[in-house]
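Survey of secondary and tertiary structure
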Amino acid sequence: MKSTNDNVSIHKVMKNLDLIRVTDAKVKYFEALWEIPEGVTYNSYVLHTSEGAVLFDTVNSDFSRDYLEALRSVTDVRDFRYVIVHHMEPDHSGSLKDLARVEGFRAEVLGHPLTSRLIKSLLNIEVKFRQTRDGEELKLGATTLKFIHVPWLHWPETMFTYVEDFRTLMTCDAFGAYSMPPYMISGAEYLSAEYVRFMRKYFANIIGRYRENVIKALDKLESLGLSVDLMAPSHGAVLSGVDVVNRVLKLYRSWAEGIAEGGKVVVLYTSMYGYVERMVEELLERVADRGVRVELFKFTSVHRDNVADFLGSLLDAGVFVIATSTYDGGLFPITKYLLSLVVSKLNVEKPTYLITAYGWNDAALRELKNLFSSSKLVLKGELTVNSTPTKADLTRLDEMTREILTQSGVSP
Ligand SMILES: Cc1cc2nc3c(=O)[nH]c(=O)nc-3n(C[C@H](O)[C@H](O)[C@H](O)COP(=O)(O)O)c2cc1C
Ligand SMILES: [Fe+2]
Ligand SMILES: [Fe+2]
């Protein structure tokens, strides 16, 4: 590994393939939305062929200066024959603007037909652009690139490239992850549970809304019969070896199909003055040591959990519990926001239980039920307390606990 400075490193993935990796430890809210204290990397790849160098995607423009310096250390950027754009979101296309300004830059830019419009609108530059056809092959000496259109993962212009002679699939956002892992994971045994969580979180935050297109893309890869030894995404680690590639393909299919992990319950709650929190504590006591794994996300006056983590965790939960209160004649605002994300991003079928608290009019429950009509959440049970629970409320909570355990696949 060569390091040009703290943020940028260069790795030889294979004899003819360099990875230029930017680590962004400063980003707090990815897409100005997702909390990622684990940071993120932007991966750009340079393929050297006998007929010139090819660049696959760039990085976030905040890092252009160091990125260009790193690029120059692996090739003369004036010699780039092609720049392949898999996706125009600026975390991958931003530095193309600075690259295109380099004196003598003359590469042809290849991408999905919709890409040229986005080059104009997002980057406002003129480049030699050529659109690719789905399945088109480009021969460069002994190297063959095959372009595979995979629209709406998560923008309309998304594309993969298969480098035939290295059995390498360049996938941009797909199969990527947050965090700053080692540059390469060689073998399924090195795919840690923590890294899978970062991958699942990225999937839930960024791609989850387009689960049906993920399934189409996975089917397409299968029907093309490509053998993939190496996956090169634009965030996180390069995945090397058939076993790790297959494992990640399987994970993607299971997330895209919304398959739940048995025994996992996600509890989301808000509490202003502790009434809802008391009910959640009562519930947690009842499910403790009963064989379910509870992941708790709370929003109170002293604590706010990570929304991006919450979505990642909910993606494969078997049961979802929402506990919240009434506020100004409606649903507590943070709950409204979180559920709008659940509906728009995940939209998976999920057995859901509601616990609401109110002072004089249980508007939270009414609004929650309305939200259900526009979602795939399946309302399985509800319990409402007039702030302090009565004995009858706690008996109802006993029943609800039994239902939750059964629903999670655990005998009550
Ligand atoms: C700012 C504020 C606004 C509230 N608005 C309503 C309301 O519109 N209708 C209602 O029935 N209760 C309302 N309440 C009462 C709470 O919903 C009720 O006390 C509930 O138990 C609070 O639970 P929590 O402290 O766990 O959030 C409000 C409470 C607060 C603090
Ligand atoms: Fe993206
Ligand atoms: Fe991205």
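Residues numbered from 1 in each chain as written. Chains lettered and ligands numbered in written order. Predicted model: local features only at pLDDT ≥ 70, side-chain atom pairs only at ≥ 80, totals over all residues. Heavy atoms only, no water.

1. Points about the side chain of T326
- Secondary-structure assignment places T326 in strand β20 (residues 319-327).
- Of the polar contacts made by the side chain of T326, one reaches the backbone nitrogen of A364; its length is 3.1 Å.
- Once you skip the residues sitting within four places of it in the chain, T326 turns out to touch M272, A357, Y358, N361, D362, A363 and A364. (Helix = DSSP H or I, 4+ residues; strand = E, 2+ residues; numbered from the N terminus. Polar contact = N/O pair within 3.5 Å; in protein donor to acceptor, adjacent residues only side chain to side chain. Contact = heavy atoms within 4.5 Å.)

2. Some points on the coordination of the iron ion (ligand 2)
- For the iron ion (ligand 2), every protein donor is listed as H87 (NE2), E89 (OE), H154 (NE2) and D173 (OD), and the spread of their distances is 2.0 to 2.2 Å.
- Around the iron ion (ligand 2) sit four donor atoms, and with donor-metal-donor angles ranging over 80 to 168° the site reads as irregular.
- Every donor residue of the iron ion (ligand 2) comes from the same chain, spaced as H-x1-E-x64-H-x18-D.
- Taken as a pair, the iron ion (ligand 2) and the iron ion (ligand 3) show a spacing of 3.5 Å, with D173 coordinating each metal. Across the pair, exposure class does not vary: H87 and E89 are buried alike. (Donors = N, O, S within 2.8 Å, 3.2 Å for Na, K, Ca; no water. Tetrahedral: all angles 85-135°; square planar, octahedral: opposite > 155°, others 65-115°. Buried < 20%, exposed > 50% of the residue type's maximum accessible area, 1.4 Å probe, protein only.)

3. Focus: the pattern of salt bridges
- This structure, assessed with the given rule, holds 28 salt bridges.
- As a salt-bridge pair, R253 and E222 come within 3.3 Å of each other at their nearest N and O atoms. With R253 in helix α6 (residues 242-256) and E222 in helix α5 (residues 211-224), this pair connects stretches of sequence that are 31 residues apart.
- Looking at E222, the relative accessible area reads 59%, which means it is exposed. (Salt bridge = Lys/Arg side-chain N within 4 Å of Asp/Glu carboxyl O.)

4. Quick notes on the packing of helix α8 (residues 307-315) against helix α9 (residues 333-346)
- Between α8 and α9, whose axes approach to 11 Å, the crossing angle comes to 50°. Classified by the angle their axes make, α8 and α9 are oblique. When the axes of α8 and α9 are compared, the crossing they make is right-handed. Between α8 and α9, the contacting residues are V307, F310, L311, L314 and L315 on the first element and Y337, L338, L341, V342, K345 and L346 on the second. (Axes fitted to C-alpha atoms, helices over the stretch in contact; angles between N-to-C directions. Parallel < 35°, antiparallel > 145°, perpendicular 65-115°, else oblique. Left-handed = near helix turned anticlockwise from the far one by under 90°.)

5. Brief notes about the nonpolar core
- Counting residues in hydrophobic clusters, the biggest one holds 100 residues, and the most contacted among them are F30, L71, Y252 and F310.
- Among the elements that take part in this core, helix α4 (residues 193-207) stands out by supplying nine residues, more than any other.
- Formed jointly, this core draws a minimum of three residues from each of two domains, domain 1 (2-256) and domain 2 (264-407).
- Excluding anything up to four places from it in sequence, F30 contacts I36, V40, Y42, D91, Y178, Y202, I206 and H235.
- Listed in part, the 23 residues of the second largest apolar core include M279, L383, V385 and L405. (Core = buried A, V, L, I, M, F, W, Y, C linked by side-chain atoms within 4.5 Å. Domains from an automatic or database assignment.)

6. Considerations on the sheet that holds strand β13 (residues 159-163)
- An order of β11-β12-β13-β14-β16-β17-β15 is seen for the seven strands of this open sheet, with the pairing classed as mixed. Of all the strands in the sheet, the pair left with one neighbour each is β11 (137-140) and β15 (184-186). On average, each strand axis in the sheet is tilted by 20° relative to the strand beside it, whichever way the strands run.
- Sheet topology note: the strand β12 (residues 143-149)/β13 ladder contains five bridges and is antiparallel. Within the sheet, the bridge partner assigned to H149 lies in β13 and is M159.
- Contacting β15, β16 (230-233) and β17 (238-240), α6 runs over the sheet at an angle of about 120° to β17. (Pairing = 2+ DSSP bridges.)

7. Structural notes on the coordination of the iron ion (ligand 3)
- Taken together, D91 (OD), H92 (NE2), D173 (OD), Y202 (OH) and H235 (NE2) make up the protein donors of the iron ion (ligand 3), found 2.1 to 2.7 Å from the metal.
- What makes D91 buried here is its relative accessible area of 5%.
- According to the relative accessible area criterion, H235 is buried, its value standing at 0%.

8. Quick look at the domain arrangement of the protein chain
- When its domains are assigned, the protein chain resolves into domain 1 (2-256) and domain 2 (264-407).
- Relative to domain 2, the C-alpha centre of domain 1 lies at a distance of 38 Å.
- Considering only the side of domain 1, the residues that lose the most area to domain 2 are E35, R200 and R211, jointly responsible for 36% of the buried surface there.
- Linking domain 1 with domain 2 are two salt bridges.
- In this structure, the salt-bridge partner of D309 is K201, at a minimum N-O distance of 2.8 Å.
- Of all the elements in the fold, those that place two or more residues in the side of domain 1 that touches domain 2 are β5 (34-35) and α4. (Buried area = accessible area lost by both parts, 1.4 Å probe.)

9. Brief notes about the packing of α4 against α6
- Where α4 meets α6, the axes come as close as 11 Å, and the angle between the chain directions of the two elements is 45°. Considering the angle they form, α4 stands oblique to α6. The interaxial crossing formed by α4 with α6 has right-handed handedness. Where α4 abuts α6, its residues V196, M199, R200, F203 and I207 lie against V248, L251, Y252, W255 and A256.
- Looking at side-chain class alone, the contact of α4 with α6 contains nine nonpolar, no polar and one charged residues. (Nonpolar A, V, L, I, M, F, W, Y, C, P; charged D, E, K, R; others polar.)

10. Remarks on the pairing of β20
- Counting buried positions over the nine residues of β20 gives eight, a clear majority of the element.
- In this sheet, β20 lies alongside strand β18 (residues 264-271) in parallel orientation, the contact comprising five bridges. When the sheet's bridge partners are listed, V265 is paired in β20 with V319.
- Where β20 lies against strand β22 (residues 350-357), six bridges are found, and the strand directions are parallel. Bridge pairing in β22 places V321 opposite Y353.
- For β20 and strand β21 (residues 330-331), the ladder comprises two bridges, and the chain directions are antiparallel. Bridge pairing in β21 links Y327 to G330.

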